[in-house]
Amino acid sequence: MLLLNHPKNFNPTMAWPKLITLIIFSFISNTISQQEYVNNKQLDCENTYNSTSGNICNSVNSCQSYLTFKSNPPYNTLSSISKLLNASPSLVSQSNNNISTLQTIPSDTILTVPVTCSCSGNKNYYQHNTSYTLKTLGETYFSVANLTYEALTTCQALIAQNPSHGIRNLTVGLNITVPLRCACPTKKQTDQGIKYLLTYLVSQGESVSSIADLFGVDPQTVIEANKLSSAAIIFYFTPILVPLKNEPPKNIIKQASPPESPPPPPPANPEDSGSSSSKKWVIIGVAVGVVVLLLVVLALFFLCFYKRQPELPPPVGKPFSDSDNQKISDTITTTSTTQSWSLSSEGIRYAVDSLTQYKFQDLQNATMFFSEENKIKGSVYRASFKGDAAAVKILKGDVSSEINILKRINHANIIRLSGLCVYKGNTYLVYEFAQNNSLDEWLHSENKNKDYENSNSNSNSTCLSWFQRVQIAHDVADALNYLHNYANPPHVHKNLKSGNILLDGKFRGKVSNFGLARVMENEDNEGFQLTRHVIGTQGYMAPEYIENGLITPKMDVFAFGVVILELLSGREVVGGDKNNGLGDQLLLSSTVNQVLEGENVREKLRGFMDPNLRDEYPLDLAYSMAEIAKRCVHRDLNSRPNVSEVFMVLSKIQSSTLDWDPSDELERSRSVSQVSDSR
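Residues numbered from 1 in each chain as written. Predicted model: local features only at pLDDT ≥ 70, side-chain atom pairs only at ≥ 80, totals over all residues. Heavy atoms only, no water.

Visitor: I'd like to hear about empty space enclosed by the protein, residue by residue, with values.
Guide: Counted under the stated rule, the structure contains three cavities of 30 Å³ or more. Roughly 90 Å³ of volume is contained in the largest cavity. Lining the largest cavity, in full, are Lys494, Asn495, Leu496, Lys497, Thr537, Tyr540, Met541, Ala542, Met555, Asp556 and Ala559. Grouping the amino acids of the lining of the largest cavity by side-chain chemistry returns six nonpolar, two polar and three charged. As a volume, the second largest cavity reaches approximately 60 Å³. Lining the second largest cavity, in full, are Gln35, Glu36, Tyr37, Val38, Asn55, Arg181, Thr199, Asn226, Pro239, Ile240 and Leu241. Here the element with the most residues in the lining of the second largest cavity is strand 8 (residues 239-244); it accounts for three residues. Across the lining of the second largest cavity, the residue classes break down as five nonpolar, four polar and two charged. (1 Å grid on protein atoms, 1.4 Å probe; cavity = no way out; pocket = protein on both sides within 12 Å on 5 of 7 lines; lining within 4 Å. Points joined across faces, edges and corners; volume = space filled by probe spheres on them. Nonpolar A, V, L, I, M, F, W, Y, C, P; charged D, E, K, R; others polar. Helix = DSSP H or I, 4+ residues; strand = E, 2+ residues; numbered from the N terminus.)

What follows is the structure, given as structure tokens:
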């Protein structure tokens with residue numbers, strides 16, 4: 001093709017036959033070829049590809065087809081799923097062991113849904129149409145396609161199907177048309193005995209062979225149906241076509257295995273059923289009586305024993321007892337009010353429950369008397385308790401709110417609070433130790449690896465690799481998704497920034513510093529709170545918070561978008577590129593629009609990326625990260641995605657990153673360089 005288009009090599013007598021042949025071949029291939037696998041291109045909502053638009057109409061106009069759908073609230077009954085997918089409840093029931101219409105289906109159960117697939121609504125692509133009414137603020141074509149409809153459609157297909165609404169004009173109550181992906185067998189497939197094509201959602205860890213085994217089909221037919229090579233990689237949470245010679249098995253329902261129960265007792269002899277039953281109840285009654293008697297005796301013994309014991313201070317490393325809590329509370333309430341205590345009398349009684357009490361002397365020994373050598377940053381010190389590393393943070397004022405929050409939440413990507421000490425008006429909080437300090441230091445400090453302790457990584461590295469940056473972004477998104485949607489009650493962090501993201505020995509991100517965190521009071525988590533006391537770090541604070549004191553989960557999304565831009569560019573949040581001549585007050589959040597809009601986006605994106613990466617990153621995935629960051633830092637909070645959507649996008653980017661080979665990018669760069677040199 002390059003030779004054909006080159007002016008020096010153009011020969012009309014030779015070019016036209018080749019061109020006609022190419023057109024005919026292209027036309028024939030479109031009419032008889034199988035379908036093209038989406039290949040994670042559904043992440044790029046700004047661009048349209050053949051695979052994201054749908055499956056090409058290449059055979060009959062209409063046919064019987066099947067979809068799969070995982071049950072999850074609020075779509076966890078046959079009735080709700082059928083309505084969402086515009087399918088017949090009775091046919092769906094028949095395809096899934098005749099389950100009841102109103103029966104609650106366990107989460108992550110896969111159902112097969114029979115639908116009519118046709119080209120009537122669209123001359124180019126097969127689809128089964130349904131409709132959806134937007135229910136909450138912040139819903140986008142991306143969230144509807146991937147979260148609600150579980151990749152049975154794409155954001156690109158939704159945009160094309162609803163041209164009158166526009167990408168940014170989605171409002172609650174708006175009804176949109178949803179084209180669900182389906183396909184009909186080609187003549188070649190029909191000749192092979194294939195009667196149906198099923199659209200299947202790939203789960204994590206699945207492969208072509210495992211999916212083929214699930215349906216009892218030849219893996220080669222799956223490869224051919226999706227135009228895959230034998231060495232191709234399929235991505236989880238993407239749709240793939242499965243050719244079937246018969247209707248899908250009715251027992252395909254797949255769900256998490258329940259915990260194993262003990263084997264049932266051997267059946268009793270029918271002749272002895274009456275006597276054995278009475279004996280059984282006599283034995284149970286005696287056993288219960290004996291247990292109750294033992295408990296009463298033990299209770300009396302411990303009551304008498306502890307009354308005779310002198311009161312001793314609680315040992316180091318043990319949780320507070322109720323009497324300890326009362327002592328501390330009494331001490332605080334009877335002490336002079338001129339002292340500034342760290343915990344309120346009511347707050348500490350709840351805060352110290354289940355936490356470890358430390359003596360001040362033990363903290364001194366663990367931190368070498370809070371020496372400069374052990375200082376990590378500010379009022380945080382490295383400590384060692386019997387060989388176990390920890391971090392001790394000194395705080396003043398009432399910090400019971402932060403302690404109570406950290407006591408309620410439990411997530412691998414949130415720094416863990418293990419204990420505390422109250423001494424002379426200060427509170428000493430003991431946290432798990434993050435060996436590699438904060439993300440801010442690795443991105444912006446000159447001595448980025450001074451505390452590098454990960455023996456499993458490249459010790460010569462002085463900056464975070466692409467793999468590490470994607471993993472950190474994924475970790476933080478996971479933590480925020482937990483705080484907003486799964487913590488009880490949900491919380492807004494309010495102070496997310498790279499300085500509050502700590503890195504452990506394996507460079508896994510952990511969110512810290514919950515001093516400004518707020519509980520989301522509304523059950524639907526869509527409500528907002530107002531404050532006149534605006535506190536935060538310039539560059540990370542959302543516009544609605546700065547201007548109106550508005551507190552919503554979207555302020556965390558804005559700050560996280562800024563963190564993603566830091567990970568991509570390595571630049572400071574305020575000041576941007578110091579060599580660009582745009583002034584010291586340029587905010588990093590405002591630069592992404594200049595990079596991703598207009599012409600030469602790829603070149604501008606390469607110029608935006610951290611030069612320390614030395615082009616060792618996949619540009620397409622970097623674009624996907626920059627695009628989601630751009631949406632996160634949108635000035636209008638309603639145009640920002642929910643953190644669950646951000647988390648899903650980053651999960652897919654992480655999955656793609658694990659399959660990325662750095663040598664491919666290097667070879668591509670060399671090829672581009674050689675082409676440029678030849679010109």
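Visitor: Describe in detail the pairing of strand 13 (residues 417-423), supporting the description with residues and values.
Guide: In the sheet, strand 9 (residues 356-357) pairs with strand 13 via two bridges, with the strands oriented parallel. Bridge pairing links Thr356 to Gly419 in strand 13. Bridge count between strand 13 and strand 14 (residues 426-432): six bridges; the pairing is antiparallel. Pairing of Cys421 across the sheet is with Tyr428, part of strand 14. The loop that links strand 13 with its antiparallel partner strand 14 comprises two residues; one of these, Lys424, has a positive phi angle of about 50°. (Pairing = 2+ DSSP bridges.)

Visitor: Would you mind going over the sheet that holds strand 3 (residues 110-118) in detail, with residue names and values included?
Guide: Pairing is mixed in the open sheet, where four strands are placed in the order 3-2-7-8. Each edge of the sheet is formed by a strand with only one pairing partner; in this case those strands are strand 3 and strand 8. Strand-to-strand twist across the sheet, computed as the mean angle between neighbouring axes with direction ignored, equals 25°. (Axes fitted to C-alpha atoms, helices over the stretch in contact; angles between N-to-C directions.)

Visitor: Report on the sheet that holds strand 11 (residues 380-385), specifying residues and quantitative values.
Guide: The strand order across the open sheet formed by six strands is 9-13-14-12-11-10, and the pairing between neighbours is mixed. Of all strands in the sheet, those bounded by a partner on one side alone are strand 9 and strand 10 (375-377).

Visitor: Explain helix 4 (residues 78-85) to me, using residue names and the numbers behind them.
Guide: Within helix 4, six of the eight residues are buried, which leaves it mostly tucked inside the rest of the structure. Every buried residue belonging to helix 4 is among Leu78, Ser80, Ile81, Ser82, Leu84 and Leu85, and all of these are buried. Buried residues in helix 4 make contact with strand 2 (62-70), helix 5 (89-94), strand 3, strand 5 (128-133), helix 6 (141-148) and strand 6 (175-180). (Buried < 20%, exposed > 50% of the residue type's maximum accessible area, 1.4 Å probe, protein only. Contact = heavy atoms within 4.5 Å.)

Visitor: Give me the lowdown on the packing of aromatic side chains, citing residues and values where you can.
Guide: For the structure on display, the rule yields twelve aromatic pairs. Each ring, one from Phe360 and one from Tyr423, has its centre 4.0 Å from the other, and the planes form 5°; the classification is stacked. With Phe360 in helix 14 (residues 360-366) and Tyr423 in strand 13, this residue pair connects regions lying 63 residues apart in the sequence. Following the ring pairs from residue to residue traces out a cluster consisting of Phe360, Phe370, Tyr381, Tyr423 and Tyr428. (Phe/Tyr/Trp six-rings, centres within 6.5 Å; stacked < 30°, edge-to-face > 60°.)

Visitor: A description of the side chain of Thr112 should follow, citing residues and the corresponding values.
Guide: Positionally, Thr112 belongs in strand 3. Owing to a relative accessible area of 0%, Thr112 belongs among the buried residues under this scheme. Polar contacts involving the side chain of Thr112 include one to the main-chain carbonyl oxygen of Ser95, which spans 3.2 Å. (Polar contact = N/O pair within 3.5 Å; in protein donor to acceptor, adjacent residues only side chain to side chain.)

Visitor: Residue-level account of the pairing of strand 2, with values.
Guide: Pairing between strand 2 and strand 3: nine bridges, direction antiparallel. Counted as the bridge partner of Ser62 is Ser118 from strand 3.

Visitor: Which residues make up the state of the cysteines, and what are the values?
Guide: Applying the stated rule across the entire model yields three disulfides. The disulfide bridge from Cys57 ends at Cys119, spanning 1.8 Å between sulfur atoms. Around the S-S axis, the bridge from Cys57 to Cys119 shows a dihedral of about -120° and counts as left-handed. Placement of Cys57 in the loop between strand 1 (55-56) and strand 2 and of Cys119 in the loop between strand 3 and strand 4 (125-126) is noted, with a sequence separation of 62 residues between them. (Disulfide = S-S within 2.5 Å.)

Visitor: Tell me what's going on with the confidence of the model for the chain, and back it up with residues and numbers.
Guide: With 71% of its residues at a pLDDT of 70 or more, the chain has an overall mean of 77. In this model residues 1-31 is a low-confidence stretch, pLDDT under 50, and it forms nine contacts with partners more than four residues away in sequence or in other chains. In this model residues 447-461 is a low-confidence stretch, pLDDT under 50, and it forms 28 contacts with partners more than four residues away in sequence or in other chains. (pLDDT = per-residue confidence, 0-100.)

Visitor: How would you summarise the nonpolar core if you had to cite specific residues and measurements?
Guide: Counting 123 residues, the largest nonpolar core has Trp466 and Phe560 as the members making the most contacts within it. Per-element tally for this core: the top contributor is helix 19 (residues 553-569), with eleven residues. When near neighbours in sequence (up to four residues on either side) are disregarded, Trp466 contacts Leu568, Met609, Leu613, Glu616, Tyr617, Pro618, Leu621, Ala622, Met625, Thr657 and Trp660. Tyr66, Phe215, Val222 and Ile223 belong to the second largest nonpolar core, which has 21 residues in total. (Core = buried A, V, L, I, M, F, W, Y, C linked by side-chain atoms within 4.5 Å.)

Visitor: Describe the pattern of salt bridges, listing the residues and the values that go with them.
Guide: By the definition in use, this model includes twelve salt bridges. Its salt-bridge partner being Glu432, residue Arg416 comes within 3.8 Å of it at the nearest N-O pair. Note that Arg416 is positioned in the loop between helix 15 (400-408) and strand 13 and Glu432 in strand 14, a separation of 16 residues in sequence. Salt-bridge contacts for Arg508 lead to Asp475; the nearest nitrogen and oxygen are separated by 2.9 Å. Note that Arg508 is positioned in the loop between strand 16 (501-503) and strand 17 (509-511) and Asp475 in helix 17 (residues 466-485), a separation of 33 residues in sequence. For Arg508, a relative accessible area of 34% corresponds to the partly exposed category. Each of Arg416, Glu432 and Lys510 takes part in one network of salt bridges that share partners. (Salt bridge = Lys/Arg side-chain N within 4 Å of Asp/Glu carboxyl O.)

Visitor: I'd like a rundown of the environment of Gly173, residues and numbers included.
Guide: Residue position: Gly173 is located in the loop between helix 7 (155-161) and strand 6. Classification of Gly173 by relative accessible area gives partly exposed; the value is 48%. As a C-alpha pair, Gly173 and Lys135 span 38 residues in sequence and 6.2 Å in three-dimensional space. When near neighbours in sequence (up to four residues on either side) are disregarded, Gly173 contacts Thr133 and Leu134.

Visitor: Please set out helix 6 residue by residue, giving values where relevant.
Guide: Think of an α-helix as turning once every 3.6 residues; residues three or four places apart then point the same way. Counting buried residues in helix 6 gives seven out of eight residues, a clear majority hidden from the surface. The complete set of buried residues in helix 6 reads Tyr141, Phe142, Ser143, Val144, Ala145, Asn146 and Thr148.

Visitor: Describe the packing of helix 19 against helix 22 (residues 619-632), with residues and values.
Guide: Running from N to C, helix 19 and helix 22 cross one another at 150°; their axes reach a closest spacing of 8 Å. When the axis of helix 19 is compared with that of helix 22, the two are roughly antiparallel. Judged by the sense of rotation from one axis to the other, the crossing of helix 19 with helix 22 is left-handed. Seen from helix 19, the contacting residues are Val557, Phe558, Gly561, Ile564, Leu565 and Leu568; seen from helix 22, they are Ala622, Met625, Ala626, Ile628, Ala629 and Cys632. Of the residues assigned to the contact of helix 19 with helix 22, the class counts are eleven nonpolar, one polar and no charged. (Parallel < 35°, antiparallel > 145°, perpendicular 65-115°, else oblique. Left-handed = near helix turned anticlockwise from the far one by under 90°.)

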